[in-house]
Amino acid sequence: MSWIDISRPLASGAPTWPGDTPFQYEVSWPKSDSGSVNVGKLTMSVHTGTHADAPFHFADDGRKMIDLPIDVYIGKAKVLHVLGKESIGAADLSNFDLTDVTRLLLCTGSWKDPQTFPTSICYLRPDLGPFLSQQGIRLIGIDTPSIDPLDSKELPAHHSLHAFDIHILEGLLLDHVRPGDYELVALPLPLVEADGSPVRAVLRSW
Ligand SMILES: N[C@@H](CC(=O)c1ccccc1NC=O)C(=O)O
Ligand SMILES: [Zn+2]
Ligand SMILES: [Zn+2]
């Protein structure tokens, strides 16, 4: 199989933002009761695991998940490894050739233990909005639960990218992916009211 899964598994105990809704799947209507089928029920935060943010997450008048274009989440993407940094800004990416890159996935390696929510992560600096937009980038993906510091209330990176209409994927798994060019598929669900959505994110060599 040529597709590489870069999605975090969703199961009981999946790491969530402190205080946020725990992930739960249950068979709410078992075959023994319905007579024909098991029927499951999901309870989760849309910011658990590998997910897309909608602007409504950080702006009350922002677009919801269903309002976002789907073409952004499918197509050629470049994976970069930018390891060992406290944060990543324009200066950290200036040595990479981003010609013709519209989707950029950053492996920071800073979410060390996939079983637990991290206490500190590599975050993005807000000068990336104008810089990435200048390069023609429409989607940024990262292997951490947020592109901003975990204790940030202002969410400067979210707002900066949003100002340049750059879409956000978070919680990717990229440790097992070599840097290079890939085809990405990471479609959000058509959630009409939601501020985000889980995605199944996969890559194959370009
Ligand atoms: N900005 C993060 C999520 C986030 O900040 C968050 C998610 C769930 C519950 C609380 C959150 N932030 C609290 O300050 C994200 O984009 O996924
Ligand atoms: Zn999110
Ligand atoms: Zn986010």
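Residues numbered from 1 in each chain as written. Chains lettered and ligands numbered in written order. Predicted model: local features only at pLDDT ≥ 70, side-chain atom pairs only at ≥ 80, totals over all residues. Heavy atoms only, no water.

Within an unreviewed UniProt entry, the label attached to the protein chain reads Kynurenine formamidase, and the organism entered is Brevibacillus ruminantium. As stated in UniProt under Pathway (unreviewed entry), the record for the protein chain gives "Amino-acid degradation; L-tryptophan degradation via kynurenine pathway; L-kynurenine from L-tryptophan: step 2/2." Looking at the protein chain in UniProt, the text filed under Function (unreviewed entry) is "Catalyzes the hydrolysis of N-formyl-L-kynurenine to L-kynurenine, the second step in the kynurenine pathway of tryptophan degradation." (UniProt positions renumbered as here; feature names shortened; annotations may be inferred.)

Regarding the pattern of salt bridges
Counted by the stated rule, this structure contains seven salt bridges. With a shortest N-O distance of 2.9 Å, Asp-71 and Arg-138 are connected by a salt bridge. In this pair, Asp-71 sits in the loop between β4 (51-53) and β5 (74-81) while Arg-138 sits in the loop between α3 (128-134) and β9 (139-142), placing the two residues 67 residues apart along the sequence. The class of Arg-138 is partly exposed, set by a relative accessible area of 32%. Measuring nitrogen to oxygen at the nearest pair gives 2.8 Å for the salt bridge that ties Glu-183 to Arg-204. Placement of the pair is Glu-183 in strand β11 (residues 180-185) and Arg-204 in strand β13 (residues 202-205), with a sequence separation of 21 residues. Residue Glu-183 is classed as partly exposed on the basis of its relative accessible area, which comes to 22%. (Salt bridge = Lys/Arg side-chain N within 4 Å of Asp/Glu carboxyl O. Helix = DSSP H or I, 4+ residues; strand = E, 2+ residues; numbered from the N terminus. Buried < 20%, exposed > 50% of the residue type's maximum accessible area, 1.4 Å probe, protein only.)

What to know about the coordination of the zinc ion (ligand 2)
Looking at the zinc ion (ligand 2), one finds its protein donor set to be His-47 (ND1), His-51 (NE2), Asp-53 (OD) and Glu-170 (OE), positioned 2.0 to 2.3 Å from the metal centre. In terms of primary sequence, the donors binding the zinc ion (ligand 2) are separated according to H-x3-H-x1-D-x116-E. A spacing of 3.3 Å is found between the zinc ion (ligand 2) and the zinc ion (ligand 3), which share Asp-53 as a donor. The class of His-51 is buried, set by a relative accessible area of 0%. (Donors = N, O, S within 2.8 Å, 3.2 Å for Na, K, Ca; no water.)

Some thoughts on helix α4 (residues 156-163)
For α4, the set of buried residues is Ala-157, His-158, Ser-160 and Leu-161. Looking straight down α4, one finds its buried side chains confined to an arc of 170°; they lie on one side. As for α4, its buried residues are in contact with β4, β8 (123-124), α3, β9 and β10 (167-170). Residue Asp-165 follows α4 closely and has a positive phi angle near 60°. (Arc of directions from axis to C-beta. Contact = heavy atoms within 4.5 Å.)

As for the coordination of the zinc ion (ligand 3)
Surrounding the zinc ion (ligand 3) are the protein donor atoms Asp-53 (OD), His-158 (NE2), Glu-170 (OE) and Glu-170 (OE), at 1.9 to 2.4 Å. Judged by relative accessible area, Asp-53 falls into the buried class, the value being 3%. Glu-170 sits in the buried class, given a relative accessible area of 1%.

Some details on the environment of Trp-206
Following the sequence through the fold, Trp-206 ends up in the segment after β13. For the pair Trp-206 and Lys-78, spaced 128 residues apart in sequence, the C-alpha separation works out to 9.5 Å. Setting aside residues up to four positions removed in sequence, Trp-206 forms contacts with Lys-76, Asp-181, Tyr-182 and Glu-183.

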